[in-house]
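# Reading the structure
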Amino acid sequence: DGQPVLPGAALLVMAEAAAILRWPSVTVTIEDIAFERPLWLPGPMAVQLQMTVEGEAATWEIHAISSSEAEAPDARWTRHATGRVHPGPLTLPADEGPPPAATIEATPFHATLADSGLQLAEPYRGLRRYAHQEDGITAEIEAAEPGPLAPMLRLDAALQVAALLVPNTGVRVPVTVGRVALAPLPAAFRVRARRRAADGDDVLADLSVWTMDDQA
């Protein structure tokens, strides 16, 4: 119906920012993320992140409410996402090498999303090209938008690659994320997505990120 929604990538970036305040000098890994309900943006919203430290880890929750209701004594905030975070890098499985070049333009993919009801504004179309592999998809991301939104826009474009694993099946959005380490992403990079076994029609995928000069 044309109503804007906050991307799940934005919630992940919020959680990362809070974790960096707690552990400012180390890489942090975010785990067990659940996107419980969409955060629609019908107007100005107040968003609150709560983090509870538990030894060398922490749990977090993101809640939101209309800005006009946030100061009410009986304000009822809605929880939209939960997860855990701990200091330390993410241990990745061995990869056989950098992904090949992507050659298929992503414009038709974005048009298919729009036809299914998910219209992406131009800054969210950082997924530019992709290619099919025997075991998945490789894609090239170009998201040069500067400013504080850049980390979210680049991560959102990377997550879109998972939807290419199941083309022509309508809108697919993340519901859970098992583990992610959010290193700063450059304006241009590659993503490899591999589908894993899952129940029913669910899509479970592993994503790895590479620089354009083939560094993981």
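Residues numbered from 1 in each chain as written. Predicted model: local features only at pLDDT ≥ 70, side-chain atom pairs only at ≥ 80, totals over all residues. Heavy atoms only, no water.

A few words now on the overall build of the chain. Within the chain, the regular secondary structure consists of three helices and twelve strands. The C-alpha radius of gyration of the chain comes to 18 Å, within 12% of the 17 Å expected for a compact globule of 216 residues. The principal-axis extents of the C-alpha atoms in the chain amount to approximately 55 × 45 × 40 Å. For the chain, the residues scored as buried account for 36% of the 216 residues in total. A sequence separation of at least 24 residues applies to 65% of the contacts in the chain between residues at least 6 apart. For the chain, the accessible surface area stands at approximately 12200 Å², while carbon and sulfur atoms represent 54% of it. Of note, the chain has its 16 positive side-chain charges centred 2 Å away from the centre of its 28 negative side-chain charges. (Helix = DSSP H or I, 4+ residues; strand = E, 2+ residues; numbered from the N terminus. Rg over C-alpha atoms; globule rule 2.2 N^0.38 Å. Buried < 20%, exposed > 50% of the residue type's maximum accessible area, 1.4 Å probe, protein only. Contact = heavy atoms within 4.5 Å. Areas by Shrake-Rupley, 256 points an atom, 1.4 Å probe, with all protein chains shown as cover. Lys, Arg positive; Asp, Glu negative; His and termini not counted. Charge placed at Lys NZ, Arg CZ, Asp CG, Glu CD.)

With respect to topology, five strands assemble into an open sheet ordered β4-β5-β6-β2-β10, the strand pairing being antiparallel. Two strands bound the open sheet, and with one partner strand each, they are β4 (45-54) and β10 (176-181). Adjacent strand axes in the sheet meet at a mean angle of 20° when their direction is disregarded. Examined bridge by bridge, strand β2 (residues 28-35) and strand β6 (residues 78-87) share six bridges and lie antiparallel to one another. Of the residues in β6, the one forming a bridge with F35 is A81. Relative to the sheet, helix α1 (residues 8-22) contacts β2, β4, β5 (57-66) and β6, its axis offset from that of β2 by approximately 140°. (Pairing = 2+ DSSP bridges. Axes fitted to C-alpha atoms, helices over the stretch in contact; angles between N-to-C directions.)

Enumeration according to the criterion identifies ten salt bridges in this entry. A salt bridge links E122 to R128, with the nearest nitrogen and oxygen atoms 3.7 Å apart. On the accessibility criterion, E122 (47% relative accessible area) is partly exposed. For R128, a relative accessible area of 30% translates into the label partly exposed. The residue R129 makes a salt bridge to E142 at a minimum N-O spacing of 2.3 Å. Of this pair, R129 sits in strand β8 (residues 127-133) while E142 sits in strand β9 (residues 136-142), and the two are 13 residues apart along the sequence. Among the charged side chains, a network of salt bridges with common partners joins E36, R37, E61 and R79. (Salt bridge = Lys/Arg side-chain N within 4 Å of Asp/Glu carboxyl O.)

This part covers the pairing of strand β11 (residues 188-196). Here β9 pairs with β11 via seven bridges, running antiparallel. Each residue of the ladder has a partner; that of E140, found in β11, is R190. Across eight bridges, β11 lies against strand β12 (residues 204-211) in antiparallel orientation. Paired with R195 across the two strands is A205, which belongs to β12.

Looking now at the sheet that holds β8. Pairing is antiparallel across the open sheet formed by five strands, whose spatial order is β7-β8-β9-β11-β12. Of all strands in the sheet, those with a lone pairing partner are β7 (104-105) and β12, marking the two edges. Bridge count for β7 against β8 is two bridges, and the pairing is antiparallel. Its bridge partner lying in β8, E105 is registered against R129.

Looking now at the confidence of the model for the chain. Of the residues in the chain, 93% reach a pLDDT of 70 or more, and the chain-wide mean stands at 89. Averaged pLDDT values over the elements of the chain bottom out at 88 in β12 and peak at 96 in β5. (pLDDT = per-residue confidence, 0-100.)

Along the chain, P24 falls in the loop between α1 and β2. Owing to a relative accessible area of 63%, P24 belongs among the exposed residues under this scheme.

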